[in-house]
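The residues making up each chain are set out below.
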Amino acid sequence: MAIRDYYEVLGIERGASDAQIKKAFRRLAQQWHPDVNQDEAAAQRFKEISEAYQVLSDPERRQRYDLFGSVEGGDPMAGGFAGFADIFDAFFGAAGAGGGGRRGRPAAGADLRYDLRITFEEAVLGTEKEIEFPVLGRCDTCGGSGAKAGTQPTTCPQCNGRGEVRAVRQTMLGQMINVTPCPRCRGEGRIVESPCETCGGEGRTERRRTLRVTIPAGIDEGHQIRLANEGEVGRRGGPAGSLYVAVHVAPHAVLKREGTELIFEANVGLAQAALGTTITVPTVEGEEDVEIRPGTQPGTEIRLRGRGAPYLRRGGQRGDLHVIVEVAVPARLTKSQREALQASAKATGEVVNEATGLLDRVRDKLA
Ligand SMILES: [Zn+2]
Ligand SMILES: [Zn+2]
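Residues numbered from 1 in each chain as written. Chains lettered and ligands numbered in written order. Predicted model: local features only at pLDDT ≥ 70, side-chain atom pairs only at ≥ 80, totals over all residues. Heavy atoms only, no water.

**Student:** How should the overall build of the chain be read in this particular structure?
**Tutor:** Looking only at helices and strands, the chain features nine helices and 15 strands. Counting over 367 residues, the chain shows a buried share of 37%. Long-range contacts, defined here as pairs at least 24 residues apart, represent 64% of the contacts in the chain between residues at least 6 apart. Of the roughly 21,600 Å² of accessible surface on the chain, a fraction of 49% belongs to carbon and sulfur atoms. (Helix = DSSP H or I, 4+ residues; strand = E, 2+ residues; numbered from the N terminus. Buried < 20%, exposed > 50% of the residue type's maximum accessible area, 1.4 Å probe, protein only. Contact = heavy atoms within 4.5 Å. Areas by Shrake-Rupley, 256 points an atom, 1.4 Å probe, with all protein chains shown as cover.)

Quick look at the structure:
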């Protein structure tokens, strides 16, 4: 790849002063830094600009470039940059670099996950469950501050309560500011001189908590219920995380579920399908009688409307229960069954070639 002329890249004259070079770089860096400019070409453009600046801002390398049109050394980024963030910090301060976060106050506690097993019926109809789990809660002795009774946490002397420390270093780009969480107070901005004896200064203790959880009707395998503020509390008064109740639904013995739809495979006999009958279908509310009409074909679907699972976000509306009728053809026939079927075939003019059934007939005779 051809290297573009460094003066051209920065948009400056060959005789530009150090101040002009620096000014041009600042202007272009603000325009092309990938944190600011989302354009795909921006990262490449920014790299070119940085490279040009690194060479032209160094009198020795600039002189060599002016004489020979190139500079030795393969990697132009090897001149002391840790990366974009460093350059960005140097010019815009840490706040602009996307770092920082929430410093100077206690961090939030961790989220928790509880795996809850419920039955198929409970998932469809909804239920309430009591769950018990260990959790880090606010220390009752110190109220979460971590300070011994009669004392208060004090402002951290190392960071003056800011929770972060800045280290300034000089580089060829000028001042670079490194911002890190304060090591003394761990970013909290406050320190506890005499720790609470109950919690050792943490501001939280482990206990068992019991909660009643409402499981909405229609919930399904793998769904999670989020209970805000029921997770661990943070250190020293930090806000609590969330509790996620992960729901696991036990399979039903005969019903299958696809979202809001329930499916039941009903096995009926040849005569039942042909002559009609009444079968019993299990639903989540109990058994229900369903009519099989005379002449029902294999694969026929009978819908029990509104007997499926509720839609979670449509008040009260439920899916259907689909009864799929499977017709069982008898695998073996008694003599009288065979005669009845032969008579039936004769009546309908159905041609029956029974040669392959010879073995069965011999077996029947011996029985
Ligand atoms: Zn305490
Ligand atoms: Zn501090």
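**Student:** For this particular structure, what's the right way to read the coordination of the zinc ion (ligand 2)?
**Tutor:** For a metal bound by four donors in a tetrahedral arrangement, the ideal donor-metal-donor angle is 109.5 degrees, while six donors in an octahedral arrangement ideally sit at 90 or 180 degrees. At this site the zinc ion (ligand 2) is bound by Cys156 (SG), Cys159 (SG), Cys182 (SG) and Cys185 (SG), with donor distances of 2.3 Å. In this structure, the zinc ion (ligand 2) is surrounded by four donor atoms whose angles at the metal cover 104 to 117°, and the resulting shape is tetrahedral. Read in sequence order, the donor residues coordinating the zinc ion (ligand 2) give the pattern C-x2-C-x22-C-x2-C. Highlighted residues: Cys159 in the loop between β3 (154-155) and β4 (164-171) and Cys185 in the loop between β5 (174-181) and β6 (190-191), separated in sequence by 26 residues. For the pair Cys159 and Cys185, one class covers both residues: buried. (Donors = N, O, S within 2.8 Å, 3.2 Å for Na, K, Ca; no water. Tetrahedral: all angles 85-135°; square planar, octahedral: opposite > 155°, others 65-115°.)

**Student:** I would appreciate a short explanation of the pattern of salt bridges in the present structure.
**Tutor:** Think of it this way: side chains of opposite charge can pair up when their charged atoms draw near. Overall, the coordinates contain 24 salt bridges when judged by the stated rule. Note that Arg62 and Asp18 form a salt bridge whose closest N and O atoms lie 3.9 Å from each other. Within this pair, whereas Arg62 is found in helix α4 (residues 59-68), its partner Asp18 is found in helix α2 (residues 18-32), the two being separated by 44 residues in sequence. Taking the shortest distance from any N to any O, the salt bridge between Lys148 and Glu197 comes out at 3.4 Å. Pair noted here: Lys148 is in the loop between β2 (127-138) and β3 and Glu197 is in the loop between β6 and β7 (204-215), with a separation of 49 residues, a long-range link. Among the ionic contacts, a cluster of salt bridges with common partners joins Glu188, Glu202, Arg204, Glu232, Arg235 and Arg236. (Salt bridge = Lys/Arg side-chain N within 4 Å of Asp/Glu carboxyl O.)

**Student:** So what exactly am I meant to see when it comes to the coordination of the zinc ion (ligand 1) here?
**Tutor:** Around the zinc ion (ligand 1), the protein contributes the donor atoms Cys139 (SG), Cys142 (SG), Cys196 (SG) and Cys199 (SG), at 2.3 Å from the metal centre. Angles of 103 to 115° at the metal separate the four donor atoms of the zinc ion (ligand 1), which places the site in the tetrahedral class. Donor residues for the zinc ion (ligand 1) sit on one chain with the sequence pattern C-x2-C-x53-C-x2-C. With Cys139 in the loop between β2 and β3 and Cys196 in the loop between β6 and β7, the pair connects residues that are 57 residues apart, well separated along the chain. Residue Cys196 is classed as buried on the basis of its relative accessible area, which comes to 3%.

**Student:** I would appreciate a short explanation of the packing of α2 against helix α3 (residues 42-56) in the present structure.
**Tutor:** Two numbers describe a pair of packed helices, the interaxial angle and the distance between the axes. One can describe the packing of α2 onto α3 by two numbers: an axis separation of 10 Å at closest approach and a directional angle of 165°. Viewed along their axes, α2 and α3 adopt a mutual orientation that is roughly antiparallel. The hand of the α2/α3 crossing is left-handed. Of the residues in α3, those in contact with Ile21, Lys22, Phe25, Leu28, Ala29 and Trp32 of α2 are Ala42, Arg45, Phe46, Ile49, Ser50, Tyr53 and Leu56. (Axes fitted to C-alpha atoms, helices over the stretch in contact; angles between N-to-C directions. Parallel < 35°, antiparallel > 145°, perpendicular 65-115°, else oblique. Left-handed = near helix turned anticlockwise from the far one by under 90°.)

**Student:** How do you make sense of the sheet that holds strand β10 (residues 256-258) when you look at a structure like this?
**Tutor:** Think of a sheet as strands paired side by side through backbone hydrogen bonds, with each pair either parallel or antiparallel. Reading across the sheet, the four strands line up as β10-β11-β15-β14 and stay open at both edges, with mixed pairing between neighbours. Sheet topology places β10 and β14 (301-304) at the edges, where each strand pairs with a single neighbour. Averaged over neighbouring strand pairs, the angle between their axes works out to 30° when direction is ignored. Where β14 lies against strand β15 (residues 321-328), four bridges are found, and the strand directions are antiparallel. When the bridges of β15 are listed, Glu301 appears paired with Ile324. (Pairing = 2+ DSSP bridges.)

**Student:** I tried to follow the side chain of Arg257 on my own but got confused; where do I start?
**Tutor:** Here Arg257 lies in strand β10. Residue Arg257 is classed as buried on the basis of its relative accessible area of 18%. Within polar-contact distance, the side chain of Arg257 engages the backbone oxygen of Gly218 at 2.8 Å. Reaching out from Arg257, the side chain makes a polar contact with the backbone oxygen of Ile219 at a distance of 2.9 Å. Once residues lying within four places of it in the same chain are set aside, the contact partners of Arg257 are Phe120, Ala123, Val124, Gly218, Ile219, Asp220, Leu262 and Ala309. (Polar contact = N/O pair within 3.5 Å; in protein donor to acceptor, adjacent residues only side chain to side chain.)

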